[in-house]
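# Tertiary structure, described
Letter by letter, the chains look like this.
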Amino acid sequence: MAEISEMKNVCSQVRRDIVRMVHAVNSGHPGGSLGCVEFFTALYFEVMNHDPKNFTMDGLDEDMFFLSNGHISPVWYSVLARSGYFEVSELATFRLLNSRLQGHPATEEGLEGIRIASGSLGQGLSVAIGAALTKKLNGEDSIVYTLHGDGEMQEGQIWEAAIYAAAKKVDNLISSIDFNGQQIDGSTEDVMSLGDLKGKWQAFGWDVMESNGNDMEDVVAKLKEAKTRTGKEKPVMIIMTTTMGNGVDFMMKDHSWHGIAPNDEQLADALNQLSETLGDY
Amino acid sequence: MAKIAYTEKKDTRSGFGAGLLEAGKKDENVVALCADLTGSLKMNAFEDEFPDRFFQVGIAEANMMGMAAGLTMGGKIPFTGTFANFSTGRVYDQIRQSIAYSNKNVKIAASHAGLTLGEDGATHQILEDIGMMKMLPNMTVICPADYNQTKAATIAAAEFEGPVYLRFGRPKVPNFTAADKKFEIGKADVIIEGTDVTIIATGHLVWIAIEAEEILAEKGISAEVINMATIKPLDAQAIIDSAKKTGCVVTAEEHQYNGGLGESVARVLGQNTPTPIEMVAVDDSFGESGTADQLMEKYGISTTGIVNSVEKVISRK
């Protein structure tokens, strides 16, 4: 079991990886990536039962994770590398020609840890439900996890999947929403308000929890609590309040950092705010 | 007297139902999903036999495609079932990202394709699905001709590793393929040999091509008839060999010209052995309500349409 202090060290390094990766290719999505660092670190360093050194597509007897909002690939790639799926040095190939670290996650290049392509939004929950059903058919008690953007809740397929998972009691599924209130064109409130998001998921028949997504202790505690709530005939949803750009002061609470990279000066500023705990790639 | 005999008329979708049941009996990893069209897709027998391996997803096709992709992880072989329109156009991006690009072992079973869906009209008569599916990398596209071939193709699809689009229709059509004939993905069948013209047909049009061959024979024209049940990967060698022998080609399909079998055949010919070609297909229009026979006649997807195209293409040799 990882100590909270160790996971916080991982978070700091992952944040450095993210800003360095997007800076290096002058593209990518740092805002949402920075906001979800605690979530990924908790999943891969503490919560999930998984085997980074022996990745298989079938993932038999392992927990699985699906990233539905694939644009926050930098945080996923960093955490996959830092938890042992592939060499940390490969992070330097992010978004380059012939890289396995595509702009949005993909399986075609065979990157360990990735089981489905994502990027076109709204599809990951359906995929996760299918994977969860296979685990049930195979007699496994493993859990399938997902992460979604809050803006992604505007996609219709999410709600098709939401109805299915509740109606058919897919209760080995723990989903999370990165509730940062921001999307490309502005705040989710202004673009198309999600209204009572918690109420919506409850009305759809899910067991809904809330967490402070940038508080390491709370993220771990809520994910562990969610595990205790599986197997009870309801899928579990954690609405995770986060701050886009968390950890880099000038990126916080500004939706324009959704999909732009820092320049040299901004990179230096960001790195000054983040300790190099595990060694840069 | 046609050179090919048939015992009875049966719908190709029932061939799918029978094939799915048999594939399910052979391999316990075969599972099925259906979007509220279990009876139309003839999936009832599978559902009754394997209730735990059948997933009724309601009228939510996008979710069904994603779920199918997810089910493959852990070894399942999912077949999705709905009309061809809702199996392709409605869910193109889900198929593209979650199934084709991710190279998942999903079998997309699509019934009621084309004009022969009939009275429901153009909203349901998809004539663009072959084009959409064949454009996707990693996707195999199969359009079998009759009940027996559809059953065999379904079993072959289950045994094949990779995404497959299986297209079949609504009406009962002559069942002429031998019941014990194994389906080989990517292999064309020369079902009648001839020397003056090659007719390359797919799906329901194969029987219509057989009928056309009889009329052509009476006119003294020797037609070779090829059943091109796999549209992708296309059996290029069979096309080249036959075109070199006969010197001209007619393609026939229940689909638009744009994106159809004919265009794929034309590419093979153009790149290998330029040959006059005519195409029997729908000319850039939607369908409409009517009986299957009326619609096929009106849109020229008929025996007459093939005979006329053959005479035209022979004159261009």
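Residues numbered from 1 in each chain as written. Chains lettered and ligands numbered in written order. Predicted model: local features only at pLDDT ≥ 70, side-chain atom pairs only at ≥ 80, totals over all residues. Heavy atoms only, no water.

## A short note on the overall build of chain A
- In terms of regular secondary structure, chain A is built from ten helices and seven strands.
- Taking 2.2 N^0.38 as the reference for a compact globule, 281 residues should give roughly 19 Å; the C-alpha atoms of chain A span a radius of gyration of 17 Å, in line with that estimate.
- When its C-alpha atoms are laid out on the principal axes, chain A stretches across 50 × 45 × 35 Å.
- Burial status across chain A gives 60% buried among its 281 residues.
- Within chain A, contacts between residues separated by at least 24 positions form 76% of all contacts whose residues are at least 6 apart in sequence.
- Accessible surface computed for chain A: about 10400 Å², of which carbon and sulfur atoms make up 46%.
- Computed over 22 positive and 41 negative side-chain charges, the separation of the two mean positions in chain A equals 5 Å. (Helix = DSSP H or I, 4+ residues; strand = E, 2+ residues; numbered from the N terminus. Rg over C-alpha atoms; globule rule 2.2 N^0.38 Å. Buried < 20%, exposed > 50% of the residue type's maximum accessible area, 1.4 Å probe, protein only. Contact = heavy atoms within 4.5 Å. Areas by Shrake-Rupley, 256 points an atom, 1.4 Å probe, with all protein chains shown as cover. Lys, Arg positive; Asp, Glu negative; His and termini not counted. Charge placed at Lys NZ, Arg CZ, Asp CG, Glu CD.)

## Digging into the domain arrangement of chain B
All names here are of chain B.
- As assigned here, chain B comprises domain 1 (9-174) and domain 2 (189-314).
- Averaged C-alpha coordinates put domain 1 and domain 2 at centres separated by 25 Å.
- The partner domain 2 presents 34 residues to the 34 residues of domain 1 that form the contact.
- Around 2400 Å² of area is buried between domain 1 and domain 2 when both sides are counted, 59% of it from carbon and sulfur atoms.
- Among the residues domain 1 hides against domain 2, the three largest losses belong to Leu115, Leu127 and Lys134. Together they make up 27% of the total. (Domains from an automatic or database assignment. Buried area = accessible area lost by both parts, 1.4 Å probe.)

## So, the interface of chain B and chain A
- Each partner contributes residues to the interface: chain B has 28 residues there, and chain A has 31 residues.
- Interface of chain B and chain A: buried area, both sides summed, is about 2300 Å²; carbon and sulfur atoms make up 54% of it.
- The largest contributions to the chain B side of the interface with chain A come from Met73, Gln97 and Tyr101 of chain B, which together make up 29% of the buried area.
- For the pair chain B and chain A, the interface holds zero salt bridges.
- Taken together, chain B and chain A are joined by 20 residue pairs in polar contact (both at pLDDT 80 or more).
- Contributions of two or more residues to the side of chain B that touches chain A are made by strand 3 (54-56), helix 3 (61-71) and helix 5 (92-101) of chain B.
- Tallying contributions element by element places helix 3 of chain B first for the side of chain B that touches chain A, with eight residues. (Salt bridge = Lys/Arg side-chain N within 4 Å of Asp/Glu carboxyl O. Polar contact = N/O pair within 3.5 Å; in protein donor to acceptor, adjacent residues only side chain to side chain.)

## Remarks on a negative patch on the surface
- A cluster of acidic residues, Asp249, Asp264, Glu265 and Asp269 of chain A, forms a negative patch on the protein surface.
- Overall, glutamate 265 of chain A belongs to the exposed group, its relative accessible area being 67%. (Patch = residues over 30% accessible without salt bridge, like charges linked within 9 Å, V, L, I, M, F, W, Y side chains within 5 Å.)

## Observations concerning the side chain of aspartate 129 of chain B
Residues and elements named next belong to chain B.
- Considering the arrangement of structural elements, one finds aspartate 129 in helix 6 (residues 129-134).
- Its relative accessible area of 0% is what places aspartate 129 among the buried residues.
- Once residues within four sequence positions are removed from consideration, aspartate 129 is found in contact with Ala84, Thr88, Ala113, Tyr165, Arg167 and His255.

## What to know about the nonpolar core
- Residues Phe66, Ile129, Leu173, Trp201 and Trp206 of chain A together with Ile95 of chain B are the most contacted members of the largest nonpolar core, which totals 77 residues.
- Mapped onto the domain boundaries, this core takes at least three residues apiece from domain 1 (9-174) and domain 2 (189-314) of chain B.
- With near-sequence residues (within four places) excluded, isoleucine 95 of chain B lies in contact with Met65, Ser87, Thr88, Ala100, Ile108, Met133, Leu136 and Met139 of chain B. (Core = buried A, V, L, I, M, F, W, Y, C linked by side-chain atoms within 4.5 Å.)

## Remarks on helix 1 (residues 12-26) of chain B
All names here are of chain B.
- For helix 1, spanning 15 residues, the distance from its first C-alpha to its last is 21 Å, which sits close to the expected 21 Å at 1.5 Å a residue.
- Among the 15 residues of helix 1, eleven are classified as buried, and the element is accordingly described as predominantly covered.
- Along helix 1, the residues classified as buried are Thr12, Arg13, Ser14, Gly15, Phe16, Gly17, Gly19, Leu20, Leu21, Ala23 and Gly24. (Expected span 1.5 Å × (residues − 1).)

## Quick look at the pattern of salt bridges
Residues and elements named next belong to chain A.
- According to the stated counting rule, one finds 29 salt bridges over all chains in the structure shown.
- With a shortest N-O distance of 2.9 Å, arginine 16 and aspartate 280 are connected by a salt bridge. Remark: aspartate 280 occurs in the segment after helix 10 (264-272) and arginine 16 occurs in helix 1 (residues 4-25); sequence separation between them is 264 residues.
- Under the relative-accessibility criterion, arginine 16 is labelled buried at 8%.

## What to know about the sheet that holds strand 4 (residues 77-83) of chain B
Residue and element names in this part refer to chain B.
- On the basis of which strands lie adjacent, the open sheet formed by seven strands has the order 3-2-4-5-7-6-12 and mixed pairing. Among the strands making up the open sheet, the edge pair consists of strand 3 and strand 12 (230-232). Averaged over neighbouring strand pairs, the angle between their axes works out to 20° when direction is ignored.
- In this sheet, strand 7 (residues 164-167) lies alongside strand 5 (residues 107-111) in parallel orientation, the contact comprising four bridges. Note that in strand 7 the partner of alanine 110 across the bridge is arginine 167. (Pairing = 2+ DSSP bridges. Axes fitted to C-alpha atoms, helices over the stretch in contact; angles between N-to-C directions.)

## Re the sheet that holds strand 6 (residues 207-212) of chain A
Residue and element names in this part refer to chain A.
- Pairing in this open sheet of five strands is parallel, and the strands run 1-2-3-7-6 from one edge to the other. Edge positions in the open sheet fall to strand 1 (64-67) and strand 6, since each of these has one partner strand only. Direction aside, the axes of adjacent strands within the sheet are offset by 20° on average.
- As paired strands, strand 3 (residues 173-179) and strand 7 (residues 236-241) are joined by six bridges and run parallel to one another. Within strand 7, the position partnered with phenylalanine 179 by the bridge is threonine 241.

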